[in-house]
Amino acid sequence: MSSNKTYRNQEQNRRLEKLESHIEIINKEMGDIKVSIGEMRADINWLKWWMKLTAGISFGALITSFLNLLVK
């Protein structure tokens, strides 16, 4: 009976160690994902700024064209 308990304890310990190593890997990968998301947010903010700049320049050119037509 005690050899059966010892076997169960060893198997449980093995499984727990495997689970702990798996959780450790998951935590590391989640940290990498957080860094990647931060970089993506920075890229998206830059893209939003660029689109606002482009739209503003286009709108300014449109107004200038209309004013030019009115003056002629």
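Residues numbered from 1 in each chain as written. Predicted model: local features only at pLDDT ≥ 70, side-chain atom pairs only at ≥ 80, totals over all residues. Heavy atoms only, no water.

**A word on the packing of aromatic side chains**
In the structure shown here, the tally under the stated rule is two aromatic pairs. Plain terms: the ring middles of Trp46 and Trp50 are 6.1 Å apart, the flat faces sit at 10° to each other, and that makes the pair stacked. With a gap of four residues between them, Trp46 and Trp50 both fall in helix α1 (residues 2-71), about one helical turn apart. With a relative accessible area of 53%, Trp46 lands in the exposed category. Residue Trp50 is classed as partly exposed on the basis of its relative accessible area, which comes to 41%. (Phe/Tyr/Trp six-rings, centres within 6.5 Å; stacked < 30°, edge-to-face > 60°. Helix = DSSP H or I, 4+ residues; strand = E, 2+ residues; numbered from the N terminus. Buried < 20%, exposed > 50% of the residue type's maximum accessible area, 1.4 Å probe, protein only.)

**Observations concerning the environment of Leu19**
Within the secondary structure, Leu19 sits in helix α1. For the pair Leu19 and Lys48, spaced 29 residues apart in sequence, the C-alpha to C-alpha distance is 43 Å.

**A closer look at the environment of Met30**
Tracing the chain through its elements places Met30 in helix α1. Looking at Met30, the relative accessible area reads 46%, which means it is partly exposed. In this structure, the C-alpha to C-alpha distance between Met30 and Asn68, residues 38 residues apart in sequence, is 56 Å.

**Looking at the pattern of salt bridges**
According to the stated counting rule, one finds two salt bridges in the structure shown. Notably, a salt bridge pairs Arg14 with Glu11, separated by 2.6 Å at the nearest N-O pair. Placement of the pair is Arg14 and Glu11 together in helix α1, with a separation of three residues, close to one helical turn. Residue Arg14 is classed as partly exposed on the basis of its relative accessible area of 44%. Overall, the relative accessible area of 19% leaves Glu11 in the buried class. For the salt bridge of Glu11 with Arg15, the shortest nitrogen-to-oxygen distance reads 3.1 Å. Of the two residues, Glu11 and Arg15 both sit in helix α1, four residues apart, roughly one turn of that helix. Residues joined in a network through salt bridges with shared partners are Glu11, Arg14 and Arg15. (Salt bridge = Lys/Arg side-chain N within 4 Å of Asp/Glu carboxyl O.)

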